[in-house]
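Structural overview for review
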Amino acid sequence: MKYSGIGGQAVLEGVMMRNKDQCAIAVRRPDGEIELKKQECKSIRDKYKFAGLPVIRGVAAFVDSLRMGMETLNYSASLMEEEEEKKDADETEETREKKEKKESLLMGLVMVLAVIVAIAIFVIAPFLVSESLRRVVRSAQLRGLIEGVIRVVLFVLYVKLISLMKDIKRVFMYHGAEHKSINCIENGLELTVENVRRQKTQHKRCGTSFLLVVMFVSILFFMFIVVRNMWLRMALRILLIPVIAGISYEFIRYAGSHDNVVSNILSKPGLWLQGLTTAEPDDPMIEVAIASVNAVFDWKNFVAEVRAEEKTANRETAGQKSPESEREPKIVTDATKAVLSEPKATEKTENAEMEQKREAPDVTKETASTEEPGIEILAIDDESEEDDAILNALDRYFEAPK
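Please read all numbers here as calculations on a predicted model, not as lab measurements. Residue positions are given per chain, counting from 1 as you read along its sequence in written order. Thresholds applied to this predicted model are a pLDDT of at least 70 for local features of residues and 80 or more for the giving and counting of side-chain atom pairs; totals over whole chains, interfaces and linings are not thresholded and use all residues. Only hydrogens and water are set aside when side-chain values are computed; all heavy atoms of the structure are taken into account.

**Topic: the pattern of salt bridges**
Counted as salt bridges are all cases of a side-chain nitrogen of Lys or Arg within 4 Å of a carboxyl oxygen of Asp or Glu. One pass over the full model with this rule turns up 12 salt bridges. For arginine 28, the salt bridge goes to glutamate 287, with nearest N and O atoms at 3.1 Å. Taken together, the residues arginine 28 in strand S3 (residues 22-28) and glutamate 287 in helix H12 (residues 283-296) connect sequence positions 259 residues apart. Between aspartate 283 and arginine 197 there is a salt bridge; the shortest N-O distance is 3.0 Å. Of this pair, aspartate 283 sits in helix H12 while arginine 197 sits in helix H7 (residues 193-197), and the two are 86 residues apart along the sequence. Exposure is judged per residue with a 1.4 Å probe applied to protein chains only, and the accessible area is read against the type maximum: over 50% gives exposed, under 20% gives buried, and values in between give partly exposed. The partly exposed category is assigned to aspartate 283, whose relative accessible area is 30%. Residues joined by salt bridges that share partners form a network here, namely Arg29, Asp31 and Glu35. Numbering of helices and strands starts at the N terminus; helices are DSSP runs of H or I of at least 4 residues and strands are runs of E of at least 2.

Next comes the structure, spelled out in structure tokens:
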């Protein structure tokens, strides 16, 4: 599997794909048509050079993902409201601008609120539970481990509960379509519904895997960063979130662009968890994902490169497996080399030998002189003339001169 660099996100009844500074949102409208919106999407790393440094770029990518996720979700939700769209057609431009500003402000508030709630549930709550065990569990490292396990359990339960909602189930199906379409092109296959359908719904660069890696990295941090003051420990849990996210991003980035034993093993927990956040899509959902990929990615050239690399690798492998064919010509005698170099003389010699056998059938052994002296030819009874010719030829090519 070759790294393509393309990423995506599932939205309400659609898929968003991003490639470098271009992104496209494909949404299935209530009337069955696919609405496609393509736009330029600048990231924090494009604006500030320092944001492209290792670890820091992980924080920047996380913030970009939150912002873009809210925008795409808001856009896809707006397409689901046909009646509201009809009303918007009668509105003035000034009214639309005011409404867009209100929606942007509301989106920002919702994003901030979501971050606060997530920190409260997945950071503060596990910390308070582990602190309540202070009298029972004396070891700070063991309490840090318990805190991390509680955090992972809460996250898995949260994902499991929201997967029971009907709308979220469909989002998870579009999530599967997003992964399948990326897996299709990275495996060197043409982007068709049939090829996409055969792919897996898991992918190593998924956001679900990223969140799980964040939690495992936080376990390592909080097990070994020991501070006596409880409030300072709580503050460190929050302040170190960007650092943990940055380190986790570096791992996901490496695992997604490398295919080796270590990265595959370490990616397994995240791939297992994706069994909860992805589901098998239907063909209309796959069509939406394909439309989104087509808008931002030249998959035909990419697939051609993948196939060319596979052919080169196969040729190299085939060349390594059959060295005997290259060494065979070296294992020959001097007499054989001489015979091979003069095929016409050999043919004349064979004819002469056959003539001699017909004239003297009772001779049991004789030495025939050819253009290459020193090769002993065995003659047998005339009842096996055909076998005699074969044996003479074998002697000529493989017997060394005495």
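**Considering the sheet that holds strand S2 (residues 14-19)**
Strand pairing in a sheet takes place through backbone hydrogen bonds and is either antiparallel or parallel in direction. Only strands joined by at least two bridges in the DSSP assignment are considered to pair. Strand order in the open sheet formed by four strands is S1-S2-S3-S4, with antiparallel pairing between adjacent strands. This sheet does not close on itself; its edge strands, each paired only once, are strand S1 (7-11) and strand S4 (34-40). Mean inter-strand twist for the sheet, computed between neighbouring axes without regard to direction, equals 15°. The sheet contact formed by S1 and S2 spans five bridges and is antiparallel. Opposite valine 11, over in S2, you have glycine 14 as the bridge partner. By definition in these notes, contact holds between two residues if any of their heavy atoms fall within 4.5 Å. Axis lines are fitted to C-alpha atoms, over the contacting stretch for helices. Their N-to-C directions set the angle, which ranges from 0 to 180 degrees. In this fold H12 packs onto S2, S3 and S4, with an angle of close to 155° to the strand it touches most, S3.

**Points about the side chain of glutamate 186**
Structurally, the position occupied by glutamate 186 is in helix H6 (residues 166-186). In this structure glutamate 186 touches Met1, Lys2, Tyr3, Ser4, Gly5, His203, Arg205 and Phe302, once residues within four positions along its chain are discounted.

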